[in-house]
Structure formats: C-alpha cells, structure tokens
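Observations on chain architecture
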Amino acid sequence: MAASASSTINFSTKPSRTSLSWKTHLASSSAFAVVAVSPRRDQRQYPRFVIFAMGAKPTVLVAEKLGEAGVDLLKEFADVDCSYNLSPEELRNKISLCDALIVRSGTKVSREVFESSGGRLKVVGRAGVGIDNVDLAAATEHGCLVVNAPTANTVAAAEHGIALLTAMARNIAQADASVKAGKWLRNKYVGVSLVGKTLAVMGFGKVGSEVARRAKGLGMHVIAHDPYAPADRARAIGVELVSFDEAIASADFISLHMPLTPATKKVLNDETFAKMKKGVRIVNVARGGVIDEDALVRALDAGIVAQAALDVFTVEPPSKDSKLVQHENVTATPHLGASTMEAQEGVAIEIAEAVVGALKGELAATAVNAPMVPAEVLSELKPFVELAEKLGRLAVQLVTGGSGVKSVKVTYGSARAPDDLDTRLLRAMITKGLIEPISSAFVNLVNADFTAKQRGLRIAEERSLLNGSPESPLEFIRVQIANVESKFASAISDSGEIRVEGKVKDGIPHLTKVGSFEVDVSLEGSIILCRQVDQPGMIGKVGSILSEENVNVSFMSVGRVAPRKHAVMAIGVDEQPSKESLKRIGEIPAVEEFVYLKL
C-alpha cells in the first residue's frame, strides 16, 4: 500500500519496545499504523513492515475454552476469535492476524509462535497461575507481554484442600468404595477427629491463609511456615508463624501450599519425613514436585505418615500402576483444586481484564516477563543488574526462623548525581533475588513493587554519594535485612542486621562483605561461608575435603577481624558438595559455623 503525494508522516517519539512506528494519513483520511519489525540478530534480513488501520479493534485469539463472562468482556473492546484445539501449525498460521492470545495449560506458545506473529502479537494471557507452556524468553525478545490470572482460584483451591483434609481424616473415599463393593466395614474405617489437632500450613500465601482460616473454624490449632508471611495477617487469623523444622515436627496434619521452586523441590523427603510425628497426615493441593513420591510411599509403609490426600503429582496424570496412587492410605483427585464453576468464571474475568488492560497500554500487575530495556542502559547496568539479583539471593538464604523478611534496606554507592542513576531496574532485581528462590512469583521491572507489597516486603533505598569518577554507575551495592535471625551468625552486622555487600570487578559481580567481615569472592556457581578460628592450614583442610569429591573451587577469600582471632572464609564452588562433604567441613575443630548458599 502506498501513500498519496499528500500523505504526511508523523514520527512517534515513543516507539514500542521492539519496533519503530509512525502514523500516516492517506488520501482517504483513514489512519494507519506502519510498524517496522526488526529481524532477530542472527537473521540477515531487512526489517519487515506491517500496516493496519489505527481505528480498528484489536483481535484476540482465544485458543482454549474460556468462561462466557471473560469472552463477553473481551468482546466489548476487541474482535474475539474463539478457535479451540488448534494444531501447532494452525496456531502459527493464525497468529499473524492477532494482537493478543489467551490460552490455558494445553496450548504451547513456543518461540515459533512469536516468530510467526510478525511482530503483531502484543500480549499473551495465561488463564491460570502457571506459565510453563509459554516461552517467556521468546516473548520478551519479541516485545510481547505475558500476563496470568493468579488470584481467582484462591477460594476454590482452599476449599478443595479442606475437603481433602476432612475426607482423609474420616476415610470417606475408602469407605465409599467399600460400600459400593457390597461391604459394610464400620470397624475398619474408624477416623480421627480434627478438633484440637495441630495443622501446619506450609506456605501462607493466598490459598494457605484461606485454608488456615477454615481450619480454625473446625477447631484446629494452626501453625504456619512462610518466610514472607506478614505477621499481622497471621495474628489476625490466630496463626503462629514458626520455622520449617518446628512446623513439620509438631504437626498432626500438614497442608502444602508452597510453589515448586529449586528450593522447594522434593522438600518433603526421607530426611524431612523422619523429623515428623509418627502418624502425621499430609494434604497437597499445591504442586506435585514438592514431595519425593517414592519417599512418601516408604513413609506410608513405615507408618510415619498415616495418610495422604493428593490433588497433584510430579507427573500428571500419574501412571496407572503408581504405588502412591494405589496405596490404600492415599486419597487421590485429578488436579481439581481450581475446578469449580465460580473459579472458572473468575479466572476468565481476571485474564480478560489483564489482556484488555495490556492492549490499552496499561502496566499489568500480573505481568510475568520484563519489558525491554534500552540497549545502552542495559549495556552499562548489566553487570550491576546481575550483582543486585545475586546479593538478594544470598541475603534471603541467610535468613532463618519464623518471623520472615519484612524490611530490606538497599544502599547504592556512586559518584553520580541522583538524576543520573535510575535504580528501578536494580531494585527490581534485588526484589527478584529476595522473592523468587522461595516463591512461584516472576519478578520484573513491571511488577517488582507490586509483588513486594503483596508479600509485606518493604524495600528502602538510599544513596551513598562518593568522591571519584562518575564513569562507572556504581561503586558498590549493599543489602541489609532487619529484624530477622540468621543461619550464619557472622552475617549479622554491628547494627544487628543481615548485611551483604558487593562490587563489580572486571565485569564480574563479587561479594566483598558479609556482616562486618571483608571478603572477596566471585558470585559465580555457589558459595560456602565458614567462620573459623584464624590459624594456619584452614584453607588446605577445606580445600582437601572438596578436592576429594572433585568439587572445583573457583575463588577463595578470607576476611578476619585480627590475626589469630576470628575469620570468615568465602569459597566459590562450581558444583554442589555432598551432604557428607559439608558435614566434614563443619566437623573441622576450628570451624565455628558454616553455610552453603546456592546462586
């Protein structure tokens, strides 16, 4: 399409994240947008141009069944194409005509889908919480926002958790099957009462707190473990926040509501089952992978776990001959946590509102991928962005106890004027490091502040103005967590806060201070921190233990208060040492405390 001689071209001063766009008024007076879609760096192609009418409604492709209320909301703003059960090829063929795509868990939104969109696809909405079926990296590269619907399923999941709890306690499923088989075994299916029993809620987020509220109504004593649970919310419900070990050791019933992250994967295993009361009962409506299923079978056979009620499994559906599913003391349902009519309608409305808001250009609180950052800014801040996230990860792993992380102070040391350093991206990455290791949240520049606020996490920033050259944006970043206990006492500063500090050296993030101890170790791989009596041979003893297991040491640094007094040794390792090796390090007589931190 060519513009007439009278056409005028007005260049936008705010191009989109992945394209340059402008408006051209044709002779017909119709307004059109011409979008220049840049090729990927590994493609030797000229930019492509997509032209579409500016006044036209956007097109939303709904690729899986969505509640009518959500579809109606979409139709008020956009042209809606409900095409279900598309093959991957059919989806790729359709996507270049769509501005938004809504899926559930059954449609894979791959890199090929984003490439086939020709730059037109602006938002992908996942009607639910998980986004495993969406290629987030490809979405971000192509400037496509990904949003989900994390809250609408809360009540449904909590109700299902309580249903499983009560059904398990009274053997409802087993007794029902027995009666239908023509039996009448009243003595076999004697249950247990819930009144006065202790329920440990592992994960005190939206669903966990709703389960706790309902369990209190059943007369149960409720305790909870969650590093980010707001203490005032727990107190309001009448719930006591405790450590992980205290929760599992004192509970008669355990209800799991934690996300599946590297930190929570198989968190219930042979070791943790051994710490539980004999006869404990377990409910899981969270994620299957948080339980080592083989270990659970062993615990059931040994009588450590009396019963389990499971809505989720590591592999879904589980195999027909699964020992866990077939176990007589297990009640199983096929991932029904969100399966109520009300929840399905709620999800439909929530995702429709998020998609419409994104198409209008509004910042989405439920965004799960980061917007594109200008190349020149990212190039300068990139090593500091990595440093910020890793300092957050280190700091949160040093926290122990049941009080949780509430107050964090971040200090930026810089010779630049405040107006010359935008710290939003750095703050977002520190928040990401603090929250993601023990949460299912995806934290980025769009949703960092919202996510922190949701979890009762207050992050204060301050500048330390330094003398020197402003060529480098930052000299150091310091992260301090107040009012918490630490699993490594030496990380507590003189002011009583967990404190870690880092710098960028030759483009690589380094840890330079732990508590009051100066160290210098590259933030690559993982780190072992040891507090020891300062004496000869310590580096050799620890190094020998690691070398016997073929664990490569990348960096090693010792900081001390004075010769022959106390010292902190920071050891960077490329591989995770075995529990036996870590135990041997802890048994060295001069080692007073140590901790392994995974980056």
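Residues numbered from 1 in each chain as written. Predicted model: local features only at pLDDT ≥ 70, side-chain atom pairs only at ≥ 80, totals over all residues. Heavy atoms only, no water.

Looking at an unreviewed UniProt entry, one finds the chain named D-3-phosphoglycerate dehydrogenase, with Nicotiana attenuata as its source organism. Per UniProt, the chain carries the Subcellular location (unreviewed entry) text "Plastid, Chloroplast". One UniProt comment on the chain, placed under Pathway (unreviewed entry), says "Amino-acid biosynthesis; L-serine biosynthesis; L-serine from 3-phospho-D-glycerate: step 1/3." (UniProt positions renumbered as here; feature names shortened; annotations may be inferred.)

1. Structural notes on the sheet that holds strand β24 (residues 517-522)
Taken together, six strands build an open sheet; the order of strands is β19-β18-β20-β22-β23-β24 and the sheet is mixed. Strands with a single pairing partner mark the edges of an open sheet, and in this sheet they are β19 (458-465) and β24. Across this sheet, the average inter-strand angle for adjacent strands is 20°, counted without regard to direction. Packed on one face of the sheet, helix α15 (residues 424-435) meets β18 (407-414), β19 and β20 (476-482) and runs near 140° to β18. (Pairing = 2+ DSSP bridges. Helix = DSSP H or I, 4+ residues; strand = E, 2+ residues; numbered from the N terminus. Axes fitted to C-alpha atoms, helices over the stretch in contact; angles between N-to-C directions. Contact = heavy atoms within 4.5 Å.)

2. Details of the pairing of β24
Direction of pairing for strand β23 (residues 508-514) relative to β24: antiparallel, over a ladder of four bridges. In the strand pairing of β24, histidine 510 is matched with serine 522. Hairpin connection between β23 and β24: a loop of two residues separates the two successive antiparallel strands, and glycine 515 in this loop has a positive phi of roughly 60°.

3. Looking at the sheet that holds strand β6 (residues 79-82)
The strands making up a sheet are joined through hydrogen bonds of the backbone, oriented either antiparallel or parallel. Here five strands make up an open sheet; going across it, the order is β6-β5-β7-β8-β9 and the pairing parallel. The open sheet has two edge strands with one neighbour each: β6 and β9 (145-148). Adjacent strand axes in the sheet meet at a mean angle of 20° when their direction is disregarded. Contacting β5 (59-62), β6 and β7 (100-103), helix α1 (residues 68-75) runs over the sheet at an angle of about 145° to β6.

4. Details of the pattern of salt bridges
When their charged atoms lie close together, side chains carrying opposite charge are able to pair. For the coordinates displayed, the defined rule picks out 25 salt bridges. Ionic pairing is found between arginine 120 and aspartate 99, a salt bridge with its closest N-O pair at 3.1 Å. Taken as a pair, arginine 120 in the loop between α3 (111-116) and β8 (123-126) and aspartate 99 in the loop between α2 (88-95) and β7 lie far apart in primary sequence, 21 residues in all. Arginine 531 is the partner of glutamate 592 in a salt bridge, and the nearest nitrogen-oxygen pair spans 3.1 Å. Of this pair, glutamate 592 sits in strand β28 (residues 591-598) while arginine 531 is found in strand β25 (residues 526-533), placing the two residues 61 residues apart along the sequence. (Salt bridge = Lys/Arg side-chain N within 4 Å of Asp/Glu carboxyl O.)

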